[in-house]
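# Topology and contacts: notes
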Amino acid sequence: MPSIAALVVAAGSGSRAGRDRPKQYVPVAGRPLLRHSLEAFLAHPRVDVVQAVIGAGHEELFAAATAGLALPAPVRGGATRQQSVHAGLQALAARPGGAPDVVLIHDAARPFLPAALIDALIDALEEHPGVIPALPVVDTIKRVDARGIIVETPPRDALRAAQTPQAFRFSDILAAHRAAADTGTEFSDDAAVAEHAGLAVAVIDGAAQLRKVTHAEDFDWAEDMARKLGLAT
Ligand code: CTP
Ligand code: MG
């Protein structure tokens, strides 16, 4: 059986959410946002270790948010999400038991993680070095230039909106992140880091419940979803 790590990145400042603290520490259904996905990974029988990456100065917030959970010490993140993921991957590589075989890289800002999706991602890694959940897009997407003039309308059938967790064979994604860091380019998700390294990344069906809490109104959505999922306290 492969050893499987979950890497939950929570080192952002949550500026667009406009709350009194970073959004990952705001309670949803009575528990801090990031605790939901940490608990989902911890409860999953195939996940061996759950590593969190947190922002400088967030140590006390994190300790309070994760009281009682069986987690290794959090890793300090970086100025960008990509840097935070890279730091987390390096910490996993240096674990006493050795690097994991598989890593599921997840945004702390996506609290509602279906267990069946974790299984589907892990299973699909037997066929592909990388697998991500994604949804079809409902709007027509435009590519625009610096003046806001449309330069392209890609066919919608071929477009997907990427979510997390994004699953990879560990050594592949660590090497891809090292290479990406050397280029100095900023990639918006780990699949893009993998693509840049030439890895074939497959897409499987995502889920509406995997939506990312980004803006203030997304907390209303999250409370509703928690109720629908039976998670309200
Ligand atoms: N993240 C991170 N390190 C960073 C930036 C982001 O670990 N330097 C994490 C966030 O904590 C979040 C995920 O990456 O779980 C997705 O990022 P996003 O939704 O953009 O969160 P923030 O960057 O915190 O929010 P904002 O962009 O509104 O400031
Ligand atoms: Mg951000």
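These figures come from a predicted structure and were not determined experimentally. (Residues numbered from 1 in each chain as written. Chains lettered and ligands numbered in written order. Predicted model: local features only at pLDDT ≥ 70, side-chain atom pairs only at ≥ 80, totals over all residues. Heavy atoms only, no water.)

## Some words on the pairing of strand β4 (residues 49–54)
Short version of the rule: To sort residues, take the accessible area from a 1.4 Å probe on protein chains only and compare it with the maximum for the residue type: under 20% means buried, over 50% means exposed, and anything in between is partly exposed. The numbering of helices and of strands both runs from the N terminus, where a helix is a DSSP run of H or I of at least 4 residues and a strand a run of E of at least 2. Pairing between strands is defined by DSSP: at least two bridges between them are needed. Here the term right-handed applies to a crossover when the path leading from its first strand over the helix to its second strand runs clockwise, the strands being oriented away from the viewer.
Most of β4 is tucked away: 6 of the 6 residues are buried. Neither face of β4 is open: one carries Val49, Gln51 and Val53, the other Val50, Ala52 and Ile54, and all of them are buried. Here 6 bridges tie strand β1 (residues 4–10) to β4, and the two strands are oriented parallel to one another. Opposite Val8, over in β4, you have Ala52 as the bridge partner. Here β4 pairs with strand β5 (residues 75–76) via 2 bridges, running parallel. When the sheet's bridge partners are listed, Val53 is paired in β5 with Val75. Remark: the β4/helix α2 (residues 59–65)/β5 crossover connection has right-handed handedness.

## Things to note about the site of ligand 1
Note the threshold: Whether a residue is near a molecule or strand depends on its heavy atoms: if one lies within 4 Å, it is near. In the analysis that follows, any N or O atom pair within 3.5 Å is treated as a polar contact, provided that within protein one partner can donate a hydrogen and the other can accept it, and provided that, for residues neighboring in sequence, both atoms belong to side chains. What sets the accessible areas is the Shrake-Rupley method with a 1.4 Å probe; for residues, cover comes only from the shown protein chains. Throughout this entry, Asp, Glu, Lys and Arg are counted as charged residues, while Ala, Val, Leu, Ile, Met, Phe, Trp, Tyr, Cys and Pro are counted as nonpolar. The remaining residues, Gly among them, count as polar.
In the vicinity of ligand 1 there are 19 residues, among which Gly14, Ser15, Lys23, Ser84 and Lys212 approach most closely. Residue Ala79 places a main-chain N or O atom 3.3 Å away from a nitrogen atom belonging to ligand 1. Expressed as a share of its isolated accessible area of 560 Å², the protein-covered part of ligand 1 is 87%. Counted by class, the shell around ligand 1 contains 6 nonpolar, 8 polar and 5 charged residues.

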